[in-house]
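Structure assessment
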Amino acid sequence: MTKDLIEELALDDVFVSVAEPIPGTPLADLVLSTPQEENPVYIPHTGEYKALGLSEAEARAFDLMLHADLHKPRFTMADDRIFNLYLEEVRKQGSDILRSTELLVRYS
């Protein structure tokens, strides 16, 4: 394949999500063995996204989403609409993962 063909076939989609601790997986085992105060789902983010009120897990996913846009085959800039979509998505994921984590802890 030529370089042009590879670039033409490259996907513009990047999927980033907060990792969900599914029961019976190594991640679930790690979540169960990690004290709550060290779990990124519970830790408030204190870095550059502090003003957004995200958890550390949400901030990491948000940052990856923004940076992924810089590395897509077709360069795009994150405008206010994209920024807000990503922010809404990480907040939803953070809430979902927090509930999953609480259920995992409760029933394990």
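Cut-offs used in this document
- Residues numbered from 1 in each chain as written.
- Predicted model: local features only at pLDDT ≥ 70, side-chain atom pairs only at ≥ 80, totals over all residues.
- Heavy atoms only, no water.
- Helix = DSSP H or I, 4+ residues; strand = E, 2+ residues; numbered from the N terminus.
- Buried < 20%, exposed > 50% of the residue type's maximum accessible area, 1.4 Å probe, protein only.
- Contact = heavy atoms within 4.5 Å.
- Areas by Shrake-Rupley, 256 points an atom, 1.4 Å probe, with all protein chains shown as cover.
- Core = buried A, V, L, I, M, F, W, Y, C linked by side-chain atoms within 4.5 Å.
- 1 Å grid on protein atoms, 1.4 Å probe; cavity = no way out; pocket = protein on both sides within 12 Å on 5 of 7 lines; lining within 4 Å.
- Points joined across faces, edges and corners; volume = space filled by probe spheres on them.
- Nonpolar A, V, L, I, M, F, W, Y, C, P; charged D, E, K, R; others polar.
- Axes fitted to C-alpha atoms, helices over the stretch in contact; angles between N-to-C directions.
- Left-handed = near helix turned anticlockwise from the far one by under 90°.

1. With respect to the overall build of the chain
Looking only at helices and strands, the chain features four helices and zero strands. Counting over 108 residues, the chain shows a buried share of 29%. If you take every contact in the chain between residues at least 6 apart in sequence, the share linking residues at least 24 apart comes to 57%. When the accessible surface of the chain is summed, it comes to about 7700 Å², and 58% of that surface belongs to carbon and sulfur atoms.

2. A word on the environment of Leu 52
Along the polypeptide, Leu 52 turns up in the loop between α2 (26–33) and α3 (56–70). A residue is classified by how much of its surface remains accessible, and Leu 52, at 21% relative accessible area, is partly exposed. A sequence separation of 39 residues divides Leu 52 from Arg 91, and the C-alpha atoms of the two residues are 9.9 Å apart. Excluding anything up to four places from it in sequence, Leu 52 contacts Phe 62, Phe 83, Leu 87 and Arg 91.

3. A look at the nonpolar core
Among soluble globular proteins, nonpolar side chains are generally buried collectively. Counting 16 residues, the largest nonpolar core has Tyr 49, Leu 54, Phe 62, Tyr 86 and Val 90 as the members making the most contacts within it. Listing elements by their share of this core, those giving two or more residues are α3 and α4 (80–107). Examining the composition of this core, we find that six residues originate from one element, α3, more than from any other. What Val 90 contacts, discounting residues up to four positions off in sequence, is Leu 54, Glu 58, Ala 61, Phe 62 and Met 65.

4. Brief notes about the layout of surface pockets
Taken as a whole, the largest pocket encloses approximately 270 Å³ of empty space. Considering the residues around the largest pocket, the lining is formed by 17 residues, among which Ala 19, Leu 27, Pro 40, Val 41 and Ala 57 are closest to the centre. Among the residues making up the lining of the largest pocket, the classes are represented as 11 nonpolar, four polar and two charged.

5. Things to note about the packing of α3 against α4
Running from amino to carboxyl end, α3 crosses α4 at an angle of 145 degrees, the nearest separation of the two axes being 9 Å. When you trace α3 past α4, the crossing you get is right-handed. Where α3 approaches α4, its residues Glu 58, Ala 61, Phe 62, Met 65, Leu 66 and Asp 69 are matched on the opposing element by Ile 82, Phe 83, Tyr 86, Leu 87, Glu 89, Val 90, Arg 91, Gln 93, Gly 94 and Ser 95. Residue classes in the contact of α3 with α4 are distributed as nine nonpolar, three polar and four charged.

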